[in-house]
Every structure is written in structure tokens, then in C-alpha cells.
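For reference, the chains in residue letters:
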Amino acid sequence: MKYVDEYRDPRLARSLLHEIRQTATQCWVLMEVCGGQTHGLLKSGIIQELEGVVELIHGPGCPVCVTPAEAIDFAQELALRPGVLLTTFGDMLRVPGSRESLLTVRARGGNVRLVYSPLDAVELARQNPSQQVVFFAVGFETTAPATALSVLQAAQLGLDNFSLLVAHVRVQPAMEAILQSAECRVQGFLAAGHVCTISGVTSYEELSARYGVPIVVTGFEPVDLLLGIQDCVAQLESGTASVSNQYQRNVRDAGNRHAMHIMSDVYATADRPWRGLGTIPSGGLVLRPEWRQFDAEYRFQRPTPTLLIECADCRSGDVLAGRIKPPACESFGTRCTPESPLGAPMVSSEGACAAYYRHAPKSGPHAVSITNTGR
Amino acid sequence: MTAAGNQYSCPIPEAAGERVTLAHGEGGRLTRKLIAEHLLPALGNQILSSLGDAAALPNVAGPLAFTTDSFVVSPLFFPGGDIGTLAVYGTINDLAVSGARPRWISLSLIIEEGLPLAVLDRILQSIAMAAKVAQVEVVTGDTKVVPQGAVDKLFINTAGIGEIVAPAPPGPASLEVGDELIVTGPLGRHGIAILASRENMGFEPPPHSDCAPLTPAVSILREAKYPIRAMRDATRGGVAAVLHEWASQAPVTMQIDEAMLPVTAEVRGVCELLGLDPLHIANEGVMVIAVPAGWGRQVVSLLRTLEVAAQAAVIGQVISQKIAPVVVRRALGTDQPLDEPLGAPLPRIC
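Residues numbered from 1 in each chain as written. Chains lettered and ligands numbered in written order. Predicted model: local features only at pLDDT ≥ 70, side-chain atom pairs only at ≥ 80, totals over all residues. Heavy atoms only, no water.

J.: Help me understand the packing of helix 9 (residues 144–156) of chain A against helix 14 (residues 257–266) of chain A, please; the structure alone is not making it clear to me.
T.: The axes of two packed helices give the description: the angle between them and the distance between them. Residues and elements named next belong to chain A. Between helix 9 and helix 14, the least distance of the axes is 9 Å, while the angle of their chain directions is 60°. When the axis of helix 9 is compared with that of helix 14, the two are oblique. Where helix 9 crosses over helix 14, the two elements pack in a sense that is left-handed. Facing Ala-144, Pro-145, Ala-148, Leu-149, Val-151 and Leu-152 of helix 9, the residues of helix 14 in contact are Ala-259, Ile-262, Met-263 and Val-266. (Axes fitted to C-alpha atoms, helices over the stretch in contact; angles between N-to-C directions. Helix = DSSP H or I, 4+ residues; strand = E, 2+ residues; numbered from the N terminus. Parallel < 35°, antiparallel > 145°, perpendicular 65-115°, else oblique. Left-handed = near helix turned anticlockwise from the far one by under 90°. Contact = heavy atoms within 4.5 Å.)

Structure follows, in C-alpha cells:
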């Protein structure tokens, strides 16, 4: 398959691994921002192959994992209201709120429907005028343009039964929050390739310059990931820090201007609590006041949030901030598994805990080391 | 029960637009009419046509295999098959991989009121055709009609009886280090066909299900007297589920080589797009076979003489217990654990 097979070429991957090992004079600490990259690195065995050469810390790039429990609780509460049909992406269904997941809410009668696109939710609203269709919008800049488009489409169709519960988050403020943290060990970033198809490359330049870190836009296949790592390591070894693009087959320097236009028409940035990371300045998106009629926060009154007690056995906050690797959590693989997750990162297809649980051998010569991590 | 009762047909006409009504399931005249005019013409055979409370089956010499399965697939019709073909092949494949020659099946229909009779007829024709291909007879059955919303259009249960033909494969507990693992065809076609058709994904051409009987493949191996350790159809949970189940029954690890997996371009494309693994996707006409070391190539060349197994391939081997019950050799040449399918990425595929 074109654009896939050549990026899985074992010989090319081997030679890149060799080059990285030759170049690195010390063990550099890189963060792969996106959960999809974490899965790719573990699935292909790159993390294990580079042990002692490059330490890869997973980033917060799993949008469903960082969605605060209050937002999930509100979505669940809406799904249980008569006349409301709550729609969302499949990944969101199993993520626990403060008490349960949307899947269990559906099992006890909540009206929850999985959709593949927010535009499907608009279509559902058009077909069911007697129901209030709410789309629970999660995701980074990758999915935000499509949800923005759904608002424009709903407005064009004159729908008064469609709204968005917006939990969109922005990648760059989260990267900055990580760099600002006192315990930050990250020396370079593999920026999330898919997000950059929208936001572009140049937007990272200020961040890279201000903190003196290399930021390399990186894809998801083994060769993509190795090219990103190689670029980062080469920069670190030569003492430079710039932004570069190793995912050029998908990412243009300026990003997707059309998508960004639509986003800025519909959304404004806002401070946003991230699960595990706390409130991140400008870390989220909200609907602009002129689109308020499509905002589920305004259409439906949100109940006063109850005091949330995060599960004491779950260290997803530390995992999401990259402070520990999932296997270092005492509950990992014992009390917390994909079947009975304590935290969102064990559930989502992009979650770091799920990635380590699925792809990393738990013991043996290829087991992922947890000793060389933060604390 | 015969069609004779129709001469005195009740003045109540069949539902407008020829749809199944609750009355069709109440055991009265409309039930008899449904059986006489729709079920028997499609499926009738000597045993079924006697319409007794139970089918009287002839004597058989040896031991029997008995299985049952329910079918709730949505949509009812999909490229490559429908709920009818699935209901026949699903059950006879369970018999076949257990080393049995399928002989008889039962057919229970749970119909949502309002189902167009034309739809039912089409599905009955598929059942008849599949039964003929698989050389089984539908010998007993039941029909229930439930109010709208109680089921989604049509659910089917089939049970099947087959004669166990010696020697039946000893099963996964007999797996030994060095055994070779084979699949009889490309992976994941059924699950992807259902996904693409249910979600109107608009692929052109649409991915087709692999829904097919495995009986020819099982027979040809039996006739060749090849040593088979275990056979299993890779339905829900795909090949990964079979391998995990096998690994749980013997102290061994299943080692698969990603580069050796047969996957069609359509399935691969959809899987790449949606982040799915073909090893986790359901099949309805593919089985996994374990044979002793050194037999893989011979078994595959024999299987490839059959249309249903034209793309059979050795995909890996049984090794001594390693880091995980099932491992996949990925791009860099290292073995990575393959997780067990969790829940249903895609519900109601069969």
C-alpha cells in the first residue's frame, strides 16, 4: 500500500536505528506528544530497541484521556434526559466519568449513539426533529474543524435541535505547560503529525525558540517515528533547537488554512482543565458567543458538579503528564486493565496505559524498563 | 400441517404491503399459511415436511457433534451474503472444524412485526441455497413474531447435528512446539464488509464478506489423511481470538509473522483508515489450522486447490512459552505481544 509500506520497510528501519545509536552520545529524553505515536513506538518495538539511547516519554496527546470527568458526567446526564440523543465518537463510550461510562449509561436506558463524524450527528438531528441531538465534541485540532463545520451546517439547515458539548483541547498550550513544569525532563518533542496537518509547522517556532527544544513533526509508522527521533537526536547532539517536518507527505508548513479559518470563525480559545494536568491557559476551545444557540452548555443547564474524588489507586495524572510510565503505576495490569479500567488512559485507543498494556511485554528480555523514568 | 387449509382462507387479508404481522406467529391460520407458502416451498424435504413436533432422524453409526448459534447481524443483507447464508454456514462450520460431517440443522426465526414478506422470502432462498451447497437439511424449526422494537427485523437461531468422522483432530491441548499455523484465506473480510455496509462508508467496490462453508476444506484434508492438530473457524474476535484460546490450552506461545498474513487490499485499506488490526476482525469462511512441523507447505498447497482456500497461507508457528501467549513479528523483526480482542469493536456482525 503506497505511503504505508515504504514507511514500514524493515531494512530502512534497521539502518535508521543503527544511525541513531551511532549519533547519540548520551541518553536523550524525547516526548512523543500523540498517543497514536506511543502505540506505534511500542507496537513496532522501537522503545525497547532504543533503550539506553533515547528515552521516550509519552505525551498528553490522548484527547479522551484528558477530557475532565465533569464533562463526561454532564454528557451522561444529558443522555439520560428525556428527548435528548447524545452522540459521540466510539472512543468516548468506555471512558469513565466520576462514576461510570457512557456505555453503562446506555445500558441503563440512556440515549447514546456512536457516530463516525459530527456531520452524522447533524443528519440525525435533521431526521429526528422531535429530539435534541447533542454531539459530545472531543479531540485536538484534528477533529475540531469537522465539529466546527457541523455547527455551520446545522445553522445552514436551520436546525434548532442540534448542539455541541465542546471538550476540544489544544496541543501547543499543553506542550508549553509541560515545559514550564519544574520536573520537566523533556529535551525534544516528536510533535503530533495529524494535529500538524491542520495547525502546520511554523506555529511551533516560537515555542521551540523560547524553550530551546527541538520540535520535529512526526508521523506514525516505524520509519516515520525513527526519522523524527533521528532528527531530534541530531539537533540535540549539535546543540541546535529548531522546528522541522519529518511528515511532509501529509503536513504543509502553513497547515490547512481553510480548516483553521473555519475553526477561528466558530471557536475561541479558553482556559481548560485537563484531566491529570490541571487547568491549562488557552488549553481548550469554546464556541464563540455568536454560535451560542448551538452550545449545549447554554441550551441545557449543567448541574452543579459534585465533588470529584479521583481514584487513589489510579496514577493517570502522573501518566498523562509523562511523570511516570504506565507500568510504574502499582495498579497497572493488576487492578487496572482494559476490561476494568481505573482511569481513561487504560481505555482509549490512544491511551498510554492501554498502549503499554497491549504492546509492551510485561517481562522477559524485551520488557519495557520502568526504572529510567522521572521519579 | 398442509396448505389445504388455505381453501377456506380467513377473510382477514394478509397485512397490507405483504408484511409479517403478529398473527403470523400466533399458531393459527396465518402461521400455517406462512409455513405452507413461504417456508416449505423454500426448504421442504421429507423430514421437515412431516411437520411433527420433533424431527425423526435416521440411524447413524458413530458419535455425533451437536452445536447451536444465534444470528443477529445488522444489516440483514451485506455484500457477499445475508443473515440466511450466515445462519447456515456459521453452524455447519462449527461442526466441520470439530471433525464432523454436517447432516441436519434446525431453523428458528424470531421476526419483528412489519418485516416485508419479500425480505423473508429472499432470506429463506439464501438459507435453502446455503443448505444445498453445504449438503445439510433443515429438518425442524420454529417461527415467532414479536412486536416492533422487540428485535431488529429478524434474528435466527440454528442448531446443527453432524457425524463425527474419525479421526477427529485431537484439539489445541495437543499443540507442540514447532507446529505450523495456517489460515485458509484472507483475514477480516466479513467484519469489514459489515462495517462498511452498516456505516455507508461508500467504498468502491464495497468490501465483500468471506461467508462460505468450510466443509470442502475440512473434507479435502481428511481425505488426504494429513495430520491435523487443531482446526477452528476464526469468527468473532478473528484469528487473534483463536490463537489466544489455543495458547490458553497448552503451555506454548503462538508466533505469527505479520509479513505472512494474507489480507486483501480493501480490508487493509479500511483497517489502516480506522486503526483496526485484521487479526482482530471477524471472518465467516476462514479457519486456523495447526499441523505438525514440516507439514505446512503441503497442507497449504492442497488447500489452495479449493476456491474457498485459494489464498491459504502458513502464518506462523508454535514456539515455547515466551513473553506473551501470542506474539506478532512486526516490521523491525522483533516479537510484539498481540492482545486479546476486548469487547466488540463492532457489535452485531453475525
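J.: What is the right way to read the domain arrangement of chain B from this model?
T.: One widely used convention gives an interface's size as the accessible area the parts lose upon coming together. Residues and elements named next belong to chain B. What the domain assignment lists for chain B is domain 1 (10–164) and domain 2 (172–337). Using C-alpha coordinates to define each centre, domain 1 is positioned 29 Å away from domain 2. Across the contact, 20 residues belong to domain 1 and 21 residues belong to domain 2. Buried surface at the junction of domain 1 and domain 2, summed over both partners, amounts to about 1,600 Å²; 64% is from carbon and sulfur atoms. Contact with domain 2 buries area across many residues of domain 1, yet Pro-79, Asn-93 and Val-97 alone supply 35% of it, more than any other trio. Across the domain 1-domain 2 interface, the total number found is 0 salt bridges. On the surface where domain 1 and domain 2 come into contact, there are 5 residue pairs in polar contact (both at pLDDT 80 or more). Counting only elements with at least two residues in the side of domain 1 that touches domain 2, the list comes to strand 2 (77–78), helix 3 (83–97) and strand 4 (100–112). (Domains from an automatic or database assignment. Buried area = accessible area lost by both parts, 1.4 Å probe. Salt bridge = Lys/Arg side-chain N within 4 Å of Asp/Glu carboxyl O. Polar contact = N/O pair within 3.5 Å; in protein donor to acceptor, adjacent residues only side chain to side chain.)

J.: So what exactly am I meant to see when it comes to the confidence of the model for chain A here?
T.: Any segment with low pLDDT has predicted coordinates that should not be analysed in fine detail. Of the residues in chain A, 94% have a pLDDT of 70 or more, and the chain-wide mean is 90. A low-confidence stretch, residues 370–375 of chain A stays under pLDDT 50, and its non-local contacts, those more than four residues away or across chains, total 14 contacts. (pLDDT = per-residue confidence, 0-100.)

J.: Before we go on, may I ask you to explain the sheet that holds strand 3 (residues 84–88) of chain A in this structure?
T.: One key point about sheets: their strands pair by backbone hydrogen bonds, in either a parallel or an antiparallel sense. Residues and elements named next belong to chain A. Taken in spatial order, the 4 strands make up an open sheet running 4-3-5-6, and their pairing is parallel. In the strand order of this sheet, the two ends are held by strand 4 (112–114) and strand 6 (162–168), each with one partner. Mean inter-strand twist for the sheet, computed between neighbouring axes without regard to direction, equals 25°. Note: strand 3 against strand 4, 3 bridges, orientation parallel. (Pairing = 2+ DSSP bridges.)

J.: Would you explain the packing of aromatic side chains in this entry?
T.: Each pair of aromatic rings is reported with the distance of its centres and the angle of its planes. Counted by the stated rule, this structure contains 6 aromatic pairs over all chains. Relative to Trp274(A), the ring of Phe140(A) has its centre 6.0 Å away and its plane inclined at 45°; by these criteria the two rings are tilted. A residue pair is termed long-range when its members are at least 10 positions apart, and Phe140(A) in the loop between strand 5 (132–139) and helix 9 and Trp274(A) in strand 10 (residues 267–274) qualify at 134 residues. Pair check on accessibility: Phe140(A) and Trp274(A) agree, each one buried. Above the plane of the ring of Tyr7(A) lies Arg249(A), whose end atom (NZ or CZ) is 3.5 Å from the centre. For the cation-ring pair, Arg122(B) lies above Phe77(B), with the distance from its terminal atom to the ring centre recorded as 3.8 Å. (Phe/Tyr/Trp six-rings, centres within 6.5 Å; stacked < 30°, edge-to-face > 60°. Buried < 20%, exposed > 50% of the residue type's maximum accessible area, 1.4 Å probe, protein only. Lys NZ or Arg CZ within 6 Å of the ring centre and 35° of its normal.)

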